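As a plain string of letters, each chain reads:
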Amino acid sequence: RNATVWTMEDDGILENADLLIRNGKVAEVGDELSAPGNAVVIDAAGKHVTPGLIDAHIHSGVDGVNEIGNAVTAEVRLGDVLNINNIWMYRQLAGGLTSAHVMHGSANPIGGQNEHIKMRWGALSDDLKIEGAPKTVKFALGENPKRVGSDRYPETRMGTEQIIEDRFSMARDYEARWQRWEETGEGIPPRKDLRLDALVGIINGEIIIQSHSYRQDEILTLMRLAERFDFKIGAFHHGVEAYKVAPELAEHGAGAVVWSDWSSFKIEAYDGTLYNAKLLTEAGVLTSLHSDNSQISSRMNWEAAKMLRAGMQPEEALALVTINTAKVLGIDEMVGSLRPGKDADFVIWNGDPLSTFTKAEQTWVDGRKYFDLEEDAGMREKLKAERTALIEWILENGYE
């Protein structure tokens, strides 16, 4: 009750508003809402409530990120190697993160399939997955896929383009062979190939490409290649030079998932700018921020806050880590804003979420509290006392 609620919907920011959660979903948002007598009531006067933050690109919490044995590994799935012993998940909850897109690495022109997860700290691996989220696959352009080793093709940017086009041609032939067999039933069915099955899924729009990229020429190359096969790229991640081809991205319909201010850490990242997200947004490109880093993903509100320096408005900036990210990932019907019917993923902040002085006091996922700053402080004191008692016991019993 009585919070400043950032709905990230047409209602905008509501002052002294209430948020009613029922059965893990947002039930109502508004003024002086009525609630059942047995409801848990939180007085949030002076506090801000936002949707749970979303990171479109992380690599934490998995047993293995890159399958480098082949240049094309679209058959491997990050969802099969989620690791629940991931302390970063708790730290990310402490920063208001409730959902993330766990991605394959960038060692391959065509990498493995990614996984959308909720930060359900303490759950089993399969229970972390967001049910109904679209399938995505990691592509990579530039230095990373061509520098893996001198004994593996490709070794150049032109080779990267060619191997992608070659494998899509193979996938079309593979699909045609299966279609002929299914229509006629004659002879032996084609050999089942999980890698080509995934590539057929990409061509048919069943699996969405989320591609690692830096330079504008690479971005144009992959868009044009996709258009030759009559499908669209979902989004280009990192996209340090995406602002240079913003109109082309908008025309193609691809999103951009970028850093707030990372650049110049290698040659292909030299032309970065703090204004990347702003320029892309102004050009009509669906734009999101990402971390690509376990620590940064624990403070994505700060990443959004940096965009105020670039001239973006507060709601516009927060959208880069909430509703825009949800749209880029295709999960916006479930998360990303506080709208009735959506999952009850929200954060209670002790001040303006775009202030570096603000802390997340509580983080809720599916209407369940997974982080509480006050409880965390109590657990720390308990552990401190337990540690002290153990040390005293060791000393008293003559151990050194």
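Our structure's up above, just so we're on the same page.
None of these values were measured; they are calculated from a predicted model.

## Topic: helix H12 (residues 373-396)
Taking 1.5 Å per residue, 24 residues should reach 34 Å; H12 reaches 35 Å between its end C-alpha atoms and fits that length. For H12, the capping residue at the N-terminal end is aspartate 372, with a side-chain oxygen 2.9 Å from the backbone nitrogen of glutamate 374. Glycine 398 lies just past H12 and shows a positive phi near 80°.

## Focus: unusual backbone geometry
The residue after tyrosine 153, namely proline 154, is reached through a cis peptide bond having omega 5°. Of note, proline 154 is situated in the loop between helix H3 (143-146) and helix H4 (157-184). Even without being a glycine, asparagine 2 presents a positive backbone phi close to 65°. Looking at the element boundaries, asparagine 2 is found in the segment before strand E1 (3-6). Judged by its relative accessible area of 34%, asparagine 2 falls in the partly exposed class. The backbone of asparagine 23 shows a phi angle near 55°, a positive value even though the residue is not glycine. Tracing the backbone shows asparagine 23 in the loop between strand E2 (13-22) and strand E3 (25-30). Residue class for asparagine 23 comes out exposed when judged on its relative accessible area of 74%.

## Topic: the pairing of strand E6 (residues 97-102)
Successive residues of a regular strand alternate their side chains across the two faces of the sheet. Taken across its 6 residues, E6 has 6 buried, putting it largely inside the fold. Where strand E5 (residues 53-58) and E6 come together, 4 bridges link them in parallel fashion. Bridged to isoleucine 54 within E6 is serine 99. Crossover E5 to E6 through helix H1 (residues 87-94) is right-handed.

## Description of the side chain of threonine 160
Examined against the element boundaries, threonine 160 turns out to sit in helix H4. For threonine 160, a relative accessible area of 2% corresponds to the buried category. If sequence neighbours within four positions are ignored, threonine 160 has contacts with Pro109, Ala140, Leu141, Pro145, Lys146 and Pro154.

What counts and what doesn't
Residues numbered from 1 in each chain as written. Predicted model: local features only at pLDDT ≥ 70, side-chain atom pairs only at ≥ 80, totals over all residues. Heavy atoms only, no water. Helix = DSSP H or I, 4+ residues; strand = E, 2+ residues; numbered from the N terminus. Expected span 1.5 Å × (residues − 1). Polar contact = N/O pair within 3.5 Å; in protein donor to acceptor, adjacent residues only side chain to side chain. Buried < 20%, exposed > 50% of the residue type's maximum accessible area, 1.4 Å probe, protein only. Pairing = 2+ DSSP bridges. Right-handed = clockwise from strand over helix to strand, strands pointing away. Contact = heavy atoms within 4.5 Å.

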